[in-house]
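# Structural features, examined
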Amino acid sequence: MTDASDAQPIGGHTGTWDVAVIGGGAAGLSGAVALARSRRSVLVIDAGQPRNAPAAHLHNYLSRDGAAPSQLLSAGRDELTGYGGRIVTGTVTSAARTDGAFRLELGDGSPVLARRLLVATGLVDELPAVNGVAQRWGRDVLHCPYCHGWEVRDRAIGVLATTPLTAEWALLWRQQSADVTLFTHTAPPPDDAQRERLTARGVRVVDGRVADLDVHDDRLTGVRLDDGHIIERDALAVQPTFAARIDVLAGLGLSATEQLIGDHVVGTLIAADDSGATDVAGVWVAGNVADLRAMLISSAATGVHAAAAINHDLVAEDADRAVERHRAERALQTTVRAGDTADSYWDRFYTEPHQHWSGEANAVLVRETTDMTPGTALDLGCGEGGDAIWLAQHGWIVTAVDIARPALQRARERAAAAGVGDRISWLRHDLAHWQPTGAFDLVSVHYLHSPSDLPRERILRAAASVVAPGGVLLIVGHAGPQPAHVDAEPGTDFPTPDEVLADLDLEPTRWQVERAADIPRDTPGDNDNPHTQTDAVVKIQRLAPSPRA
């Protein structure tokens with residue numbers, strides 16, 4: 001197994017996903033598409049082992065009847081990625097709740113953090129121990145009269161009895177063919193009432209155990225009894241025991257519940273309400289893992305229902321967080337105007353239990369550094385660590401600095417959860433007075449705005465002083481009050497790119513200006529309020545000394 005520290009971000013995404021979907025079948029993909037259409041960040045983790053893989057075709061799925069299962073999944077994957085969802089092939093090896101989110105570890109050691117989980121892992125068919133049944137499963141050994149009955153209509157069908165329910169189940173197959181034989185096998189013999197019903201419908205009952213299947217030219221031709229007698233059959237219906245795939249999720253407190261029909265256990269599932277919500281807060285289920293009888297189309301429907309419930313839950317949480325943040329920021333602004341210090345202001349700002357920012361790397365940082373060769377980086381004003389963690393995940397060795405103790409603690413925990421804690425040094429300093437030392441290939445200063453006075457010129461020149469030859473200084477700020485911050489940051493300074501360059505007062509022969517402009521970008525903002533934000537971007541490179549002649 002790969003160590004978690006070697007894990008790379010999935011599809012360029014860092015931080016916490018809104019929803020991780022475990023299982024990429026009809027239920028999981030349908031739920032993921034609905035969430036992606038609601039502009040949620042969604043990751044589907046799929047082991048690539050669908051339950052219906054042995055079947056050549058799927059049925060009772062409106063407009064898809066007769067299609068190969070792989071075609072349905074391929075179309076669903078294309079839909080999901082078209083809406084911005086992501087898919088990774090892998091298995092979840094552990095699951096736990098951490099720091100207000102769920103932490104999953106994949107088989108290759110990659111960590112995944114998500115605010116909510118949708119479990120659509122399906123079930124395992126535990127087949128009767130009869131030679132040949134497993135090998136013929138999904139072809140001419142079948143279990144569902146609605147999924148496969150039409151395909152074996154008017155043929156010689158055998159029904160293997162393994163539970164007291166099989167006698168009544170044989171009548172469902174009788175609807176498809178007049179030639180149905182019930183093999184009592186390991187089930188109790190039909191009682192008098194059951195036998196009368198079977199006889200009246202022309203279903204033959206054969207007592208005795210079935211030893212194996214008779215197969216010629218890769219085709220079922222008969223059922224062989226313990227006494228060696230062979231009864232010709234073209235298809236055999238069996239009733240598996242259905243076991244929900246949930247072992248790896250036990251760490252979340254999910255447990256299997258036995259499903260009974262009468263007094264007989266037919267399998268296990270995860271209990272949930274009508275929306276798919278389980279007893280574990282933040283975890284929903286969809287498909288066969290929650291309903292053993294769900295066919296493909298109904299499994300897909302439960303995925304959509306669960307997705308809607310998850311999105312409603314996240315919308316409510318986002319609104320609650322926005323209100324808390326709005327109130328806290330306004331209160332802190334009042335405190336600063338009354339003479340508060342910078343360190344006490346930012347300590348209280350980050351003391352709130354929820355994460356203030358998205359956890360994603362800033363878009364400008366990603367755009368401007370993706371093509372750079374990783375080296376050493378200095379992140380000034382790192383906050384909760386989104387940029388520093390992204391850089392570390394992409395090969396950089398990072399020194400991250402902030403004044404707020406709570407922000408640094410939160411960032412340190414997130415970096416450890418992401419498997420890159422050993423690639424980042426976290427330092428607490430007041431940038432207004434601190435002088436960095438050393439030489440860095442990248443120095444990043446993002447959104448250095450504060451309601452309190454900051455010696456901007458001193459901070460930027462200190463940042464420039466530690467850029468290594470050939471290195472880059474990237475300074476990004478808001479180009480004026482933004483829609484989400486008009487009330488939150490009254491009186492805050494918003495320097496233009498030209499003002500930033502003037503503050504730096506760099507020698508033109510030693511620096512090259514690569515970018516100095518106001519650049520708009522789309523940002524989702526609150527869930528129902530997308531907007532365009534404009535950044536003031538300055539990117540300059542320290543020129544390497546010319547080689548001596």
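Described in the following lines is the structure provided in the data block. (Residues numbered from 1 in each chain as written. Predicted model: local features only at pLDDT ≥ 70, side-chain atom pairs only at ≥ 80, totals over all residues. Heavy atoms only, no water.)

## Here we look at the overall build of the protein
How we decide: What counts as a helix is a DSSP run of H or I of at least four residues, what counts as a strand is a run of E of at least two, and both are numbered from the N terminus. Whether a residue is buried, partly exposed or exposed follows from its accessible area with a 1.4 Å probe, protein chains only, as a fraction of its type maximum: under 20%, in between, or over 50%, in that order. In this analysis, two residues are considered to be in contact whenever any of their non-hydrogen atoms come within 4.5 Å of each other.
Of the regular secondary structure elements, the protein holds 13 helices and 26 strands. Residues classed as buried in the protein amount to 51% of the 549 residues present. Long-range contacts, defined here as pairs at least 24 residues apart, represent 67% of the contacts in the protein between residues at least 6 apart.

## Observations regarding the sheet that holds strand S12 (residues 210-216)
Under the convention used in this document: Strands qualify as paired when DSSP identifies two bridges or more between them. Axis lines are fitted through C-alpha atoms, for helices just across the contact stretch, and the angle between N-to-C directions can take any value from 0 to 180 degrees.
Taken together, the 3 strands give an open sheet; going across it, the order is S12-S13-S14, and neighbouring strands pair in antiparallel fashion. Every interior strand has two partners, whereas the edge strands, S12 and strand S14 (230-232), have only one. For this sheet the average axis-to-axis angle between neighbouring strands, irrespective of direction, equals 30°. Sheet topology places strand S13 (residues 219-225) next to S14; 3 bridges connect them, and they run antiparallel. Residue pairing in the sheet places Arg224 in a bridge with Ile230 of S14.

## Points about the pairing of strand S7 (residues 123-126)
A one-sided burial pattern is seen for S7, the buried positions being Leu123 and Asp125 and the unburied ones Val124 and Glu126. Where S7 lies against strand S16 (residues 241-244), 4 bridges are found, and the strand directions are antiparallel. Residue pairing across strands places Glu126 opposite Thr241, the latter belonging to S16.

## Quick look at the sheet that holds strand S11 (residues 204-206)
Strands belonging to one sheet form pairs held by backbone hydrogen bonds; the direction of such a pair is parallel or antiparallel. Pairing is parallel across the open sheet formed by 5 strands, whose spatial order is S8-S15-S9-S10-S11. Only two strands of the sheet have a single partner each, and these edge strands are strand S8 (141-142) and S11. Pairing of strand S9 (residues 157-160) with strand S10 (residues 180-183), which is carried by 4 bridges, proceeds in the parallel orientation. Paired with Leu160 across the bridge in S10 is Phe183.

## Here's the deal with the packing of helix H5 (residues 166-174) against helix H6 (residues 192-200)
Quick reminder of the rule: Working rule for angles: under 35 degrees goes down as roughly parallel, over 145 as roughly antiparallel, 65 to 115 as roughly perpendicular, anything else as oblique. A crossing counts as left-handed when the near helix is turned anticlockwise from the far one by less than a right angle, and as right-handed when that turn is clockwise. Think of it as three bins: nonpolar holds Ala, Val, Leu, Ile, Met, Phe, Trp, Tyr, Cys and Pro, charged holds Asp, Glu, Lys and Arg, and polar takes everything else, Gly as well.
Where H5 contacts H6, the axes come no closer than 10 Å and their chain directions differ by 15°. When the axis of H5 is compared with that of H6, the two are roughly parallel. When the axes of H5 and H6 are compared, the crossing they make is left-handed. Of the residues in H6, those touching H5 at Ala167, Glu168, Ala170 and Leu171 are Gln194, Arg197 and Leu198. Grouping the constituent residues of the contact of H5 with H6 by class yields 4 nonpolar, 1 polar and 2 charged.

## A look at the packing of aromatic side chains
The line we're drawing: Note on ring pairs: Phe, Tyr and Trp rings are taken, using the six-membered ring of Trp, and paired if centres are within 6.5 Å. Classes follow the plane angle, with under 30 degrees stacked, over 60 edge-to-face and the rest tilted. Definition used: whenever NZ (Lys) or CZ (Arg) falls within 6 Å of the ring centre and also within 35 degrees of the ring normal, the charge is taken to sit over that ring.
Under the definition given, this model contains 1 aromatic pair. Note on Trp169 and Trp173: the rings are 5.9 Å apart at their centroids and 90° apart in plane angle, and the pair reads as edge-to-face. Of the two residues, Trp169 and Trp173 both sit in helix H5, 4 residues apart, roughly one turn of that helix. Of the two residues, Trp169 and Trp173, both sit in the buried class. Directly above the ring of Trp150 sits Arg153, whose terminal nitrogen or CZ lies 4.0 Å from the centroid.

## Describing helix H11 (residues 405-417)
Put simply, the rule is: Here the expected span of a helix is defined as 1.5 Å times the quantity of residues minus one.
For H11, spanning 13 residues, the distance from its first C-alpha to its last is 19 Å, which sits close to the expected 18 Å at 1.5 Å a residue. Among the residues of H11, Ala407, Leu408, Arg410, Ala411, Arg414, Ala415 and Ala417 are the ones counted as buried. On its buried face, H11 is in contact with strand S5 (101-106), strand S6 (111-119), helix H10 (386-393), strand S21 (397-402) and strand S22 (424-428). Directly after H11, the chain includes Gly419, whose backbone phi takes a positive value near 80°.

## A short note on helix H1 (residues 26-37)
With 12 residues, H1 ought to run about 16 Å at 1.5 Å a step, and its terminal C-alpha atoms sit 16 Å apart, in line with that. For H1, a buried count of 10 out of 12 residues is recorded, marking the element as mostly surrounded by other parts of the structure. For H1, the full list of buried residues reads Ala26, Ala27, Gly28, Leu29, Ser30, Gly31, Ala32, Val33, Leu35 and Ala36. Arg39 sits one or two residues past H1 and shows a positive phi near 65°.

## A short note on the nonpolar core
Spelled out, the test is: Side-chain atoms within 4.5 Å are what join buried Ala, Val, Leu, Ile, Met, Phe, Trp, Tyr and Cys residues into a set we call a nonpolar core.
Grouped together as the largest cluster of nonpolar side chains are 27 residues, with contacts concentrated most on Leu391, Val398, Ile424, Trp426 and Leu442. Where this core is concerned, the elements lending two or more residues are helix H9 (363-369), H10, S21, H11, S22 and strand S24 (467-478). The biggest single contributor to this core is H10, with 5 residues. When near neighbours in sequence (up to four residues on either side) are disregarded, Val398 contacts Ala377, Asp379, Ala388, Leu391, Ala392, Arg423, Ile424 and Ser425.

## A few points about the packing of helix H12 (residues 456-465) against helix H13 (residues 497-504)
H13 packs onto H12 with a crossing angle of 70° between their chain directions and a minimal axis gap of 8 Å. It follows from the interaxial angle that H12 and H13 lie roughly perpendicular. Across from Arg456, Glu457, Leu460, Arg461 and Ala464 in H12, the residues of H13 making contact are Glu499, Val500, Ala502, Asp503 and Leu504.

## Overview of the pattern of salt bridges
As a reminder, the rule being used: Here, a salt bridge means any Lys or Arg side-chain nitrogen found within 4 Å of an Asp or Glu carboxyl oxygen.
The tally for this structure, following the rule as stated, stands at 26 salt bridges. Taking the shortest distance from any N to any O, the salt bridge between Lys539 and Glu368 comes out at 3.2 Å. Highlighted residues: Lys539 in strand S26 (residues 531-542) and Glu368 in helix H9, separated in sequence by 171 residues. As far as burial versus exposure is concerned, Lys539 and Glu368 are alike and both buried. When the shortest N-O distance is used, the salt bridge between Arg461 and Glu457 registers 3.5 Å. Note that Arg461 and Glu457 are positioned in helix H12 at a spacing of 4 residues, about one turn of the helix. The class for Glu457 is partly exposed, based on a relative accessible area of 38%.

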